[in-house]
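Below are the chains, spelled out letter by letter.
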Amino acid sequence: MFTTEKLELKDFYLLEEFQIAYLPGWIPEREFAVALWANPSIEDFLKRKCPVITDFINRIKKENEPIKDNNELAICIKKVLQTCSDILIYNKCPEVYDKLEFHNWDFKEITSITSLDAKIILDGGSGTGHVALEAAKYARYVFAMEPVTRLRQFIKEKAKKLKTDNVYVIDGFLHSIPLPDNFIDVLITSHALGWQLKDELMEFERVVKNEGYIIHCPATVDNPSDQSTHNELLKYSYSFDKYKEADGWKRKYWKKVIKRR
Ligand SMILES: C[S@@+](CC[C@H](N)C(=O)[O-])C[C@H]1O[C@@H](n2cnc3c(N)ncnc32)[C@H](O)[C@@H]1O
């Protein structure tokens, strides 16, 4: 999604514990091992900050020898930076993420599902706060929930510049939302769903009021590779539709929460 010009391996020092925990299964193992062989202080940092990653790092280093050729090393580091560019950019320069064209989708995709007027809204995985700040134009108040410290600061700075005073920025995860039961009228996620999908879907039902709405817009790209998320959402009785963003077709999902008394 991003060019790696602005990034260097030292930017791994900016990562938070939960982001480091996401690396196994996603980061290219040989290239990462080679990069760590050449940068032991980064390996030490990652293991101290996120001890659960220790076994993974030890294994990939055992399976992959260090390399001496500097050109080959540079290619490996570039691949690692490319793979992790999203999370590194969030922590290093959120303003770059904030300017990406894909944010320019029509907010009516949400307001055509339900009105946000005078409601209590939660934007989960808020990023740089696009949805939260747009929702704030209609809502009574909006909770922008984001686990990355730098992004929370960014949302606060942006809200201040826009003179928006009904956005409350909070730390939290989709599977563990620091809000009471039956508190939210409309819960929205955009490009942020599925780290722990089943737990997240149950948590959404907990915080949303009876007759409130849960909207995931966009939730997934419109292709069969996201079929397991799609199937899980249908099991939870979500409706879905497709719409176009700057980078292609996306699916949105929504449901009205009905709680038995
Ligand atoms: C692709 S960005 C989307 C940001 C924003 N919603 C948007 O549409 O631009 C995903 C966001 O979710 C956050 N995130 C990552 N894991 C999360 C989790 N388990 N719970 C909540 N947010 C998470 C990331 O830090 C990042 O800001």
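Cut-offs applied
Residues numbered from 1 in each chain as written. Predicted model: local features only at pLDDT ≥ 70, side-chain atom pairs only at ≥ 80, totals over all residues. Heavy atoms only, no water. Pairing = 2+ DSSP bridges. Helix = DSSP H or I, 4+ residues; strand = E, 2+ residues; numbered from the N terminus. Axes fitted to C-alpha atoms, helices over the stretch in contact; angles between N-to-C directions. Contact = heavy atoms within 4.5 Å. Domains from an automatic or database assignment. Buried area = accessible area lost by both parts, 1.4 Å probe. Salt bridge = Lys/Arg side-chain N within 4 Å of Asp/Glu carboxyl O. Parallel < 35°, antiparallel > 145°, perpendicular 65-115°, else oblique. Nonpolar A, V, L, I, M, F, W, Y, C, P; charged D, E, K, R; others polar. Buried < 20%, exposed > 50% of the residue type's maximum accessible area, 1.4 Å probe, protein only. 1 Å grid on protein atoms, 1.4 Å probe; cavity = no way out; pocket = protein on both sides within 12 Å on 5 of 7 lines; lining within 4 Å. Points joined across faces, edges and corners; volume = space filled by probe spheres on them. Lys, Arg positive; Asp, Glu negative; His and termini not counted.

## Let's talk about the sheet that holds strand β7 (residues 248–256)
Reasoning step 1: Pairing is mixed in the open sheet, where seven strands are placed in the order β3-β2-β1-β4-β5-β7-β6. A strand with exactly one partner marks an edge of an open sheet, and here the two such strands are β3 (167–170) and β6 (239–245). Adjacent strand axes in the sheet meet at a mean angle of 20 degrees, parallel and antiparallel pairs treated alike.
Reasoning step 2: Where strand β1 (residues 120–124) meets strand β2 (residues 141–145), five bridges bridge the pair, whose relative direction is parallel. Directly across from D123, in β2, lies its bridge partner A144.
Reasoning step 3: In the packing of helix α11 (residues 197–207) onto the sheet, the strands contacted are β4 (184–189), β5 (208–221) and β7, and the crossing angle to β5 comes to about 145 degrees.

## Comments concerning the domain arrangement of the chain
Reasoning step 1: For the chain, the assigned domains are domain 1 (9–92) and domain 2 (102–256).
Reasoning step 2: A C-alpha centroid distance of 30 Å is found between domain 1 and domain 2.
Reasoning step 3: The interface of domain 1 with domain 2 comprises six residues on the first partner and seven residues on the second.
Reasoning step 4: Roughly 590 Å² is buried in total at the junction of domain 1 and domain 2, and carbon and sulfur atoms are behind 66% of that figure.
Reasoning step 5: Counting the contacts that link domain 1 with domain 2 gives zero salt bridges.

## Structural notes on the packing of helix α2 (residues 29–38) against helix α4 (residues 54–63)
Reasoning step 1: Where α2 meets α4, the axes come as close as 9 Å, and the angle between the chain directions of the two elements is 95 degrees. Taken together, the axes of α2 and α4 are roughly perpendicular relative to one another. In contact with E29, F32, A33, L36 and W37 of α2, α4 contributes F56, I57, R59, I60, K61 and E63.
Reasoning step 2: Counted by class, the contact of α2 with α4 contains seven nonpolar, no polar and four charged residues.

## Some thoughts on α2
Reasoning step 1: Among the residues making up α2, those that are buried are E31, F32, A33, V34, A35 and L36.
Reasoning step 2: Looking at the packing, one finds that the buried side of α2 touches α3 (40–49), α4 and α5 (70–83).

## Thoughts on the environment of I113
Reasoning step 1: Position of I113 among the secondary structure elements: in the loop between α8 (108–111) and β1.
Reasoning step 2: By relative accessible area, which is 16% here, I113 ends up buried.
Reasoning step 3: In sequence terms I113 and Q227 are 114 residues apart; their C-alpha atoms lie 23 Å from each other.
Reasoning step 4: Non-local contacts of I113, meaning those with residues more than four positions away in its chain, are made with Y213, I215, K252 and W254.

## What to know about the pairing of β7
Reasoning step 1: Where β5 meets β7, six bridges bridge the pair, whose relative direction is antiparallel. Note on β7: the bridge partner recorded for V221 is K250.
Reasoning step 2: Here β6 runs beside β7; their pairing, made up of seven bridges, is antiparallel. Bridge pairing in β7 links D241 to K252.
Reasoning step 3: Between β6 and the antiparallel strand that follows it, β7, lie two residues.

## Let's talk about the layout of surface pockets
Where empty space is left in the structure can be found by rolling a water-sized probe over the atoms.
Reasoning step 1: Volume-wise, the largest pocket comes out at about 1200 Å³.
Reasoning step 2: Taken together, 45 residues line the largest pocket, and the ones lying closest to its centre are Y90, H191, A192, L193 and W195.
Reasoning step 3: For the lining of the largest pocket, the secondary-structure elements that each account for two or more residues are α1 (17–21), α6 (85–92), β1, α9 (130–135) and β5.
Reasoning step 4: Both domains that furnish three or more residues to the lining of the largest pocket are identified here as domain 1 (9–92) and domain 2 (102–256).
Reasoning step 5: If you add up the space inside the second largest pocket, you get close to 220 Å³.

## Some details on the side chain of D123
Reasoning step 1: When you line up the elements, D123 lands in strand β1.
Reasoning step 2: It turns out D123 is buried and unbridged, and the closest side chain with the opposite charge, K158, is 9.2 Å from it.
Reasoning step 3: In contact with D123, other than residues within four places in its own chain, are V131, A132, F143, A144, M145 and I188.

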